[in-house]
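# Residue-level structural notes
Here is what each chain is made of, one letter per residue.
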Amino acid sequence: MGEIKKDIRTLSQEGIIAFFESHGEKAFRAKQVYQWLWQKSANSFEEMTNLSKATRELLNAHFEFKQLEVDVMQQSNDGTIKNAVKLHDGAFVESVLIPTDKRITACVSSQVGCSLDCTFCATAGLKRMRNLDPDEIYDQVVVIDRQGKEHFGRPLTNIVFMGMGEPLLNYNNVLAAIDKITDPKGLGMSPKRITLSTIGVPKLIKKMADDGVRFGLAISLHSAIEEKRAKLMPLAHRSTTLVDLRESLQYWYAKTGRGVTFEYVIWRDINDTEEDAVALAKFCGAIPTKVNIIQYNPIDNGPYTQASQSAVDMYKRILEERRIVATVRHSRGQDIDAACGQLANKTEA
Ligand code: SAH
C-alpha cells in the first residue's frame, strides 16, 4: 500500500525544490515551505497559509510533520521552566528555560540519557540511551523560544548544551542542529550566544577548532588533579588525561582565538583545599579562561555535599590573585529538579 512518509524536516531546501519540481510546482514555493519550517516554526502544513490548498494537500500526501510533544511542563518558584519532552519513539528528554532580567536561556539535551558515569550527576543513572536527531535538538529550542514569549514576553536569547547527554559524543547531530539554529534561513541566532558544555574529548575539541565552529566552549573540569578527576568522572578520565585536555585547549585557542569557560563544583572534603584551588589556577594558565563555580545540586542518595562558603571564597581569592575571572553561579530550578545535574526523567511514567 502507501509509501512510508518521510519527515519533511529531514529535507534540505534543495530537497524540497527537487520534490516540487518533480510535481510541477514552482521552486519558490519550496522556499516558502522551508521558511515555514525553520523560520516561522510552523506546526502543520495547514498553517502554511501562503500555499494553495492543493499544494498543502500534496505535501500532506507525501510527508509526515513530526513534532515534539511537551509531556509535562513544571515551573519553579524562581520562574525556571522544565519540560519533559516526549520524542517520536516514546523516549524522554528534559529541557529547561532559565529566565533572568536580561536573558532567556534554553538548556537543551543532546542525548537520551548519557553514556558517561559522572558520580555526582543524576543523568548518569539513566539506562536508556540514544543520540538525538538534529531536529529533536532544534525543536527543544523552538519550544523554549515560544515559552519565553508566552510566559515572559521575551524571545530566547541564549542556548547552553548543558541538559542531558554529552554533546561531543553526538558530534554530527549537535553541529547540524547548531547550523540550523544559526542559519539566517533557520532561527538566525548568533553563535556567540550558544555554549557547548563537555567533559572534554581532546580529539573532538581539535576537530571543532578545525571545523571552524563559532560557538562558545565550556569544559566540566571539577578537579585539576588527575586522580581526583578520575574518581569524580571515571569515563571522562578514560577518554582523556588532563595533560591531553590541556593540549587540546591550547590547540583550540591557537586556531579560534577564543578562550574557554571551566565549570567547577566545590564539594566538602573532596576538592575544597588550597591545593585544589592552586591546581585549578595553574590549569587555567594554559589559555585565557573564566571559571564558573557552580553550586552543587544534591541528587538522590548522592554522597556529596556543597563546600562551605569559606572554601568558595578561598577559591575566588586564589583565582583572582592570578587574574582569573571566577563567577559563582547560583542554581535555578532546584525545587523542580531542573538544575544542573538533576535531569533524570523523574516524571516519566
Ligand atoms: N555532558 C556535558 C553537559 C551536561 S552537564 C558536560 O559534562 O559538560 C552540565 C553541567 O552540570 C556540567 O558542568 C556538569 O558537570 C554539571 N553537573 C552535573 N551534575 C551536577 C550537580 N549535581 N550539581 C551541579 N552541577 C552538576
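The model shown is predicted, which means the values in this text are computed figures rather than measured ones.

## Structural notes on the domain arrangement of the protein
When its domains are assigned, the protein resolves into domain 1 (6-64) and domain 2 (69-336). Placing a centre on the C-alpha atoms of domain 1 and another on those of domain 2 gives a separation of 35 Å. Listed per partner, the contact involves 8 residues of domain 1 and 10 residues of domain 2. For the pairing of domain 1 and domain 2, the buried interface totals around 880 Å² over both sides, and the portion due to carbon and sulfur atoms is 42%. Taken together, domain 1 and domain 2 are joined by 1 salt bridge. At the junction of domain 1 with domain 2, the criterion picks out 4 residue pairs in polar contact (both at pLDDT 80 or more). Here the side of domain 1 that touches domain 2 is composed, by residue class, of 2 nonpolar, 4 polar and 2 charged.

## Comments concerning the sheet that holds strand S4 (residues 81-86)
Strand order in the open sheet formed by 10 strands is S3-S4-S5-S6-S9-S10-S11-S12-S13-S14, with mixed pairing between adjacent strands. This sheet does not close on itself; its edge strands, each paired only once, are strand S3 (69-75) and strand S14 (325-329). The sheet shows a mean angle of 20° between the axes of neighbouring strands, taken without regard to direction. Both S3 and S4 contribute to a ladder of 6 bridges, which runs antiparallel. Bridging across to S4, Val 72 finds its partner in Ala 84. Across the sheet, helix H10 (residues 274-284) touches strand S12 (260-265) and strand S13 (289-294), and the angle it forms with S12 is around 170°. Here helix H11 (residues 309-321) sits on the sheet in contact with S12, S13 and S14, set at roughly 155° to S14.

## Things to note about the side chain of Thr 182
Within the secondary structure, Thr 182 is located in helix H5 (residues 171-182). Polar side-chain contacts of Thr 182 include one of 3.2 Å to the backbone oxygen of Asp 179. If we ignore the near neighbours within four places in the chain, the residues touching Thr 182 are Gly 188, Met 189, Ser 190, Pro 191 and Ile 194.

## Structural notes on the environment of Arg 154
When you line up the elements, Arg 154 lands in the loop between helix H4 (134-152) and strand S9 (158-161). Taking C-alpha positions, Arg 154 is 9.5 Å from Pro 99, a pair spaced 55 residues apart along the chain. Not counting residues up to four positions away in its chain, the partners in contact with Arg 154 are Thr 100, Asp 101, Lys 102, Arg 103, Ile 104, Asp 145, Gly 148 and Lys 149. For Arg 154, the side chain forms a polar contact with the main-chain oxygen of Thr 100, separated by 3.0 Å. At 3.2 Å, the side chain of Arg 154 forms a polar contact with the backbone oxygen of Asp 101.

Thresholds applied
Residues numbered from 1 in each chain as written. Predicted model: local features only at pLDDT ≥ 70, side-chain atom pairs only at ≥ 80, totals over all residues. Heavy atoms only, no water. Domains from an automatic or database assignment. Contact = heavy atoms within 4.5 Å. Buried area = accessible area lost by both parts, 1.4 Å probe. Salt bridge = Lys/Arg side-chain N within 4 Å of Asp/Glu carboxyl O. Polar contact = N/O pair within 3.5 Å; in protein donor to acceptor, adjacent residues only side chain to side chain. Nonpolar A, V, L, I, M, F, W, Y, C, P; charged D, E, K, R; others polar. Pairing = 2+ DSSP bridges. Helix = DSSP H or I, 4+ residues; strand = E, 2+ residues; numbered from the N terminus. Axes fitted to C-alpha atoms, helices over the stretch in contact; angles between N-to-C directions.

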